[in-house]
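Read off the chains here:
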Amino acid sequence: MRVLYDPAPRQTDEIFSAADRSRFFSEFDVIEIDPAERDAAFDRYLPEADIVISQDTMEADRLEQAVKLKALINVETNFLPNVDYGACLRRGVHVLTPASVFALPVAEMGLCMALSLARGVHSSHSDFLSGTEKYGLEGNTQAELITGSRIGFIGFGDLGRALHKLLAPFLAKVSAFDPWLPDNHLRRLGVEPVSLDDLLRQNRVVFVVASITTENAHLLDAEKLSMMQDQAMLVLLSRAAIADFDALAKEASSGRLRIATDVFPEEPVAADDPIRKVPGILFSAHRAGALTSALQQIGALVLEDMTQIAKGLPPVACRRAEPETVGRLRSKPIETT
């Protein structure tokens, strides 16, 4: 099978282990694209391509050239709004992304953040460095257990389900708000479906793990955050655009909410951004999923599905674009340095 290979902004050594890279180039007829000559290369090679690995635009005019195309794979890992998904679906072209590789590493970071917020790990460490530490019970006036508490999820896709599994030993009462999933489906997954307002009011810990869509930008505004219990914890793991960061900063500055975030509206965060000086926020520089082991799973899942397609079988490893929802996703493309 001929593969048109254009992984930018990803790098080949980033997304393939040495063994998987060897398989990729030996088992498939791979045409590597120089980004500086992308348009000319696409014009030349698209008519021969069975699989395209690219994040570049694939609108109707390009798809018309891709007469043999069986799959379009985005290793950047978002479904971007630069693809004619309808045309792909009508033609039976699989549109795939291996985004699930990040679920477990981000889930582990989310659990770590929640525990640190609940037990003051990061703040007590800072106090110790400055010589202002408090010992014993005096240093735990705002600490609480995660075990047996109430925990809520905003969104319950791959990341939510991975984190839910990690929470099993904590015997928490878990609820979820996800308008794209039916109530009974959530119950079968072991969580109680609730409205957003009830989720915010009822839970001590709220994990934000939803994708950004046309419907949920700034979903967590000042009014919604005000519904949360005093000293409740909010852990933002998915997309910054879901939250109003000015409102987050106000709640954290006042000490009413404990907040952790791995994502920001603009990245890298400017050196003079006021968010850096907000007390009450546990910061992580969008690093929760950035592990070599996770990134190399991108290549592993891509190889798995390419092998399936070469056998005339449907892909099973990567996430497929769904016609009912893909047009509503609004994730920002990643940037690498």
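Above: the structure in question.
Only a predicted model underlies this, so the values are computations on that prediction, with no experimental measurement involved.

Peer 1: Would you take a moment to explain the overall build of the chain for this structure?
Peer 2: When helices and strands are tallied, the chain shows 13 helices and 13 strands. Principal axes of the C-alpha set define a box for the chain whose edges measure 70 × 45 × 35 Å. Here the chain holds 337 residues, and 50% of them are scored as buried. Considering only contacts in the chain between residues 6 or more positions apart, those separated by 24 or more positions represent 66%.

Peer 1: Would you explain empty space enclosed by the protein in this entry?
Peer 2: Over the atoms a probe the size of a water molecule is rolled, and this reveals where empty space is left. In this structure the tally under the stated criterion is 1 cavity of 30 Å³ or more. Of the pockets and cavities examined, the largest cavity occupies roughly 70 Å³. Here the lining of the largest cavity is built from residues that sort into 7 nonpolar, 5 polar and 1 charged.

Peer 1: Quick question: what am I supposed to make of the packing of helix 6 (residues 103–119) against helix 8 (residues 158–166) here?
Peer 2: To describe two helices that pack against each other, one gives the angle between their axes and the distance between the axes. At a minimum axis distance of 8 Å, the contact between helix 6 and helix 8 shows a crossing angle of 55°. Judged on the interaxial angle alone, helix 8 and helix 6 are oblique. The two elements helix 6 and helix 8 meet at a crossing, and its hand is right-handed. Contacts between helix 6 and helix 8 involve A103, L104, V106, A107, E108 and L111 on the former and, on the latter, D158, L159, A162, L163 and L166. Partitioned by chemical class, the residues of the contact of helix 6 with helix 8 number 9 nonpolar, no polar and 2 charged.

Peer 1: Honestly, the pairing of strand 10 (residues 233–236) in this entry has me stumped. Any pointers?
Peer 2: Every other side chain in a regular strand lies on the same face of the sheet, so the side chains alternate between the two faces. Here strand 10 shows a buried face lined by M233 and V235 and a second buried face lined by L234 and L236. Bridge count between strand 9 (residues 205–208) and strand 10: 4 bridges; the pairing is parallel. Residue pairing for strand 10: V206 is matched across the bridge by L234. Across 4 bridges, strand 10 lies against strand 11 (residues 258–261) in parallel orientation. Bridging from a neighbouring strand, V235 pairs with A260 of strand 11. In terms of handedness, the path from strand 10 via helix 12 (residues 245–254) over to strand 11 forms a crossover that is right-handed.

Procedures and definitions
Residues numbered from 1 in each chain as written. Predicted model: local features only at pLDDT ≥ 70, side-chain atom pairs only at ≥ 80, totals over all residues. Heavy atoms only, no water. Helix = DSSP H or I, 4+ residues; strand = E, 2+ residues; numbered from the N terminus. Buried < 20%, exposed > 50% of the residue type's maximum accessible area, 1.4 Å probe, protein only. Contact = heavy atoms within 4.5 Å. 1 Å grid on protein atoms, 1.4 Å probe; cavity = no way out; pocket = protein on both sides within 12 Å on 5 of 7 lines; lining within 4 Å. Points joined across faces, edges and corners; volume = space filled by probe spheres on them. Nonpolar A, V, L, I, M, F, W, Y, C, P; charged D, E, K, R; others polar. Axes fitted to C-alpha atoms, helices over the stretch in contact; angles between N-to-C directions. Parallel < 35°, antiparallel > 145°, perpendicular 65-115°, else oblique. Left-handed = near helix turned anticlockwise from the far one by under 90°. Pairing = 2+ DSSP bridges. Right-handed = clockwise from strand over helix to strand, strands pointing away.

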